[in-house]
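As a plain string of letters, each chain reads:
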Amino acid sequence: MPIAIVTGSGGLIGSESVKHFIEAGFDVIGLENDMRARFFGSSASTAHTTERLRTSFAASFRSLDIDIRNADAVERVFVDAGSSLELVIHTAAQPSHDWAASDPQTDFTVNANGTLNLLEATRRHAPTATFIFCSTNKVYGDLPNHLPLIDMDSRLELPEGHPYHLGIDTTMSIDASTHSLFGVSKAAADLLVQEYGRYFEMPTVAFRGGCLTGPNHAGAQLHGFLSYLMRCTVTGQPYTVFGYGGKQVRDNIHSADLVAAFHEFHSAPRTAAVYNIGGGRASNCSVLEAIELCETIAGRALDWRLSEQNRIGDHRWWISDLRPFRSDYPTWDIRYDIEAVLREIHEHNAERWLAAS
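Residues numbered from 1 in each chain as written. Predicted model: local features only at pLDDT ≥ 70, side-chain atom pairs only at ≥ 80, totals over all residues. Heavy atoms only, no water.

Colleague: Could you clarify how one ought to interpret unusual backbone geometry in this entry?
Modeller: Among all residues except glycine, the phi angle is most often negative; among peptide bonds, the trans geometry is most common. Unlike most non-glycine residues, Glu 201 shows phi in positive territory, near 55°. Of note, Glu 201 is situated in the loop between helix 7 (180-200) and strand 8 (204-209). On the accessibility criterion, Glu 201 (68% relative accessible area) is exposed. We note that Ala 272 has phi near 55°; this positive angle belongs to a residue other than glycine. By secondary structure assignment, the location of Ala 272 is in the loop between helix 9 (255-267) and strand 12 (273-277). (Helix = DSSP H or I, 4+ residues; strand = E, 2+ residues; numbered from the N terminus. Buried < 20%, exposed > 50% of the residue type's maximum accessible area, 1.4 Å probe, protein only.)

Colleague: Please explain the packing of aromatic side chains as it appears in this structure.
Modeller: How two aromatic rings sit relative to each other is set out by the distance from centre to centre and by the angle between their planes. In this structure the tally under the stated criterion is 16 aromatic pairs. A centroid spacing of 4.7 Å and a plane angle of 65° characterise the contact between Phe 39 and Trp 99, whose relative ring orientation is edge-to-face. With a gap of 60 residues between them, Phe 39 in helix 2 (residues 35-40) and Trp 99 in helix 5 (residues 97-102) connect regions that are remote in the sequence. Comparing Phe 39 with Trp 99, the two get one shared label, buried. Plain terms: the ring middles of Tyr 228 and Tyr 239 are 5.7 Å apart, the flat faces sit at 40° to each other, and that makes the pair tilted. Of this pair, Tyr 228 sits in helix 8 (residues 225-235) while Tyr 239 is found in strand 10 (residues 239-242), placing the two residues 11 residues apart along the sequence. (Phe/Tyr/Trp six-rings, centres within 6.5 Å; stacked < 30°, edge-to-face > 60°.)

Colleague: Just checking my understanding: could you explain the state of the cysteines for this structure?
Modeller: The bond known as a disulfide is covalent and runs between the sulfur atoms of two cysteines. Applying the stated criterion across every chain yields a total of zero disulfides. For Cys 285, which is in no disulfide, the shortest distance to another cysteine sulfur is to Cys 211 and amounts to 8.0 Å. Residue classification places Cys 285 among the buried positions, given a relative accessible area of 3%. (Disulfide = S-S within 2.5 Å.)

Colleague: Can you walk me through the pattern of salt bridges in this structure?
Modeller: Taken as a whole and judged by the stated rule, the model has 18 salt bridges. Where Arg 208 meets Asp 190, a salt bridge forms, and the shortest distance between an N and an O atom there is 2.8 Å. Placement of Arg 208 in strand 8 and of Asp 190 in helix 7 is noted, with a sequence separation of 18 residues between them. In this structure, a network of salt bridges that share partners links the residues Glu 75, Glu 120, Arg 123 and Arg 124. (Salt bridge = Lys/Arg side-chain N within 4 Å of Asp/Glu carboxyl O.)

Colleague: Which parts of the structure should I look at to understand the side chain of Lys 186?
Modeller: Position of Lys 186 among the secondary structure elements: in helix 7. Apart from the residues within four sequence positions on either side, Lys 186 is in contact with Ala 93, Asn 111, Phe 133, Cys 134, Ser 135, Thr 136 and Val 139. (Contact = heavy atoms within 4.5 Å.)

Colleague: Whenever I open this one, the packing of helix 8 against helix 12 (residues 338-356) confuses me. Can you help?
Modeller: Helix-helix packing is described using two parameters, namely the angle between the two axes and the distance between the axes. Following both chains from N to C, one finds helix 8 and helix 12 inclined at 50°, their axes separated by 9 Å at the closest point. The orientation of helix 8 with respect to helix 12, classified from their angle, is oblique. Helix 8 and helix 12 meet at a crossing whose hand is right-handed. Every residue of helix 12 that contacts helix 8 at Leu 226, Ser 227, Met 230, Arg 231, Val 234 and Thr 235 is listed here: Ile 338, Val 341, Leu 342, Ile 345, His 346, Ala 350, Trp 353 and Leu 354. Within the contact of helix 8 with helix 12, the residues separate by chemical class into 10 nonpolar, three polar and one charged. (Axes fitted to C-alpha atoms, helices over the stretch in contact; angles between N-to-C directions. Parallel < 35°, antiparallel > 145°, perpendicular 65-115°, else oblique. Left-handed = near helix turned anticlockwise from the far one by under 90°. Nonpolar A, V, L, I, M, F, W, Y, C, P; charged D, E, K, R; others polar.)

Colleague: Which parts of the structure should I look at to understand the sheet that holds strand 2 (residues 27-31)?
Modeller: Picture the strands of a sheet paired through backbone hydrogen bonds; they go either parallel or antiparallel. Here seven strands make up an open sheet; going across it, the order is 3-2-1-4-5-8-12 and the pairing parallel. Across the chains shown, the open sheet's two edge strands, defined by having one partner strand only, are strand 3 (61-64) and strand 12. The mean inter-strand angle of the sheet, taken between neighbouring strand axes irrespective of direction, is 15°. Alignment of strand 8 against strand 12, held across five bridges, turns out to be parallel. When the sheet's bridge partners are listed, Val 205 is paired in strand 12 with Ala 273. Across the sheet, helix 6 (residues 104-125) is in contact with strand 1 (3-7), strand 2, strand 4 (85-90) and strand 5 (130-136); its angle to strand 5 comes to roughly 165°. The sheet strands contacting helix 7 are strand 5, strand 8 and strand 12, and the helix crosses strand 5 at an angle near 155°. (Pairing = 2+ DSSP bridges.)

Here is the structure:
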């Protein structure tokens, strides 16, 4: 039986990866120490997701309480997995650019040093295993904010004739921009993944994600846009929109669509690959548009206010160009649009959120 190691296995993409690849015939080892609870509070804990996975997949899933900053502990896992290890999916991270400024050393050691530990363990013990890394569009810093955007009624938009109108691709520079400290730590990890691929001829990929979403997202104010927005709408908790009049645009990719892309890549891996990945033109919205949809689905108004102060390095507009990945993996496509994502988030969580409020 092939083995996959999934870091951050209790998180949104990690848990989706566990389920997907077990159903695809893998035994999965999860590395999960629930640092989300430390980052964002007990409401963002991944413990209940880890327990659900243990119960649902008792024969095929093993969760280990390991900090990826501990190189010796990481290496022992790879040694134990042995020659059966075929796939490493690295989703563990400190994921908030706001939180990173409060503790830069923790942010960098988790995001950059932790990635280095995993790459080195892979190189030593499973150099032919596919290494999939969840990077971020924040590696581009705030350069997208210099695009010639048009202010429309409920969103900012790029003119149809612009080269990036169908989405931003990897030709955008990562230089001469404000990244936030989170963007810097993820960029360092992103470059490490590419370099291990090129230098050691390993099958690696950095997926530079837009907003990642889905019903298993433990949304918090500093992370998990759609999940947190729906939670506030359902429970009556006040919500703050930070800057840009709420017209900032995000593409949002459902966790199942992203993990399907992981599977496609693993089926025909490349060396040092990089893709921008997100909802693209099929699944994107402004904050104002998302609020309207949440209110419609939940059947109640959201208590929200607008702050004039935007977050440092925050994008005014981001839509991923999915054409390069589709060109390399033509059987993959987006299945969930924004409304489908939000309806699923509501269906899976509303009752639990109300009970806890």
